[in-house]
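Chains, contacts and geometry: an overview
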Amino acid sequence: MHIQAYFEYCLSKKGVTEHFPFDEDTLVFKVGGKMFALSSLSGWEKGTPSINLKCDPERAEEFRAEFDDIKPGYHMSKVHWNTVSLHGDVTDKMVRELIDHSYDLVFKSLTKKIQTEIIELKN
C-alpha cells in the first residue's frame, strides 16, 4: 500500500480527522476524537512504512502468529495495538481489513451520542 492509498482510505471513513498530536512526523487518524491509526511519515520516506492499528486482543495474537509483519504495537499498549509493517507478507486487502477493524473498535467505544452524530454526517 502506498501512503496516498492509506491516507485516502482512512479519510474515506465517516467522521475521520487527521492530526499530528505528538510531533510533525506521526500522522494520526481519529474518529470521535479517539485514535484508530497512526504512522510515521519518515518511515514511508525511508521505504519502511508501518501503521499502528487498534485490535481486539485475541485477534491481535492470531494476526501476530499468522503474519511475520504484524507485531505488538510499537510505543503502544501491546495488548490492544499492532504495528503492521507494509510491503511484507500483509496484503493491501488485509491492511484495509485491519484498518476497518481498528476503526470499528474505536467507533463502538464512543458514546451513543457521538456515534449518532458521526452516522448522520454527510461524508
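As a reminder, the structure under discussion sits directly above these lines.
This is a predicted model, so every value here is computed, not measured.

This paragraph deals with the overall build of the chain. Counting its secondary structure elements, the chain contains 5 helices and 6 strands. Secondary structure elements in the chain, listed N-terminal to C-terminal, are α-β-β-β-α-β-α-β-β-α-α. Its C-alpha radius of gyration of 14 Å places the chain within 12% of the 14 Å reference for a compact globule of 123 residues. Across its three principal directions, the C-alpha atoms of the chain cover 40 × 30 × 25 Å. Sorting the 123 residues of the chain into buried and exposed places 39% on the buried side. In the chain, 46% of the contacts between residues at least 6 apart in sequence involve partners at least 24 apart. A distance of 7 Å separates the average location of the 16 positive side-chain charges in the chain from that of its 20 negative side-chain charges.

Below, the discussion takes up the pairing of strand S4 (residues 50-54). Across 2 bridges, strand S3 (residues 34-40) lies against S4 in antiparallel orientation. Each bridged residue has a counterpart across the sheet, and for Ala37 the counterpart in S4 is Leu53.

Reading guide: rules and limits
Residues numbered from 1 in each chain as written. Predicted model: local features only at pLDDT ≥ 70, side-chain atom pairs only at ≥ 80, totals over all residues. Heavy atoms only, no water. Helix = DSSP H or I, 4+ residues; strand = E, 2+ residues; numbered from the N terminus. Rg over C-alpha atoms; globule rule 2.2 N^0.38 Å. Buried < 20%, exposed > 50% of the residue type's maximum accessible area, 1.4 Å probe, protein only. Contact = heavy atoms within 4.5 Å. Lys, Arg positive; Asp, Glu negative; His and termini not counted. Charge placed at Lys NZ, Arg CZ, Asp CG, Glu CD. Pairing = 2+ DSSP bridges.

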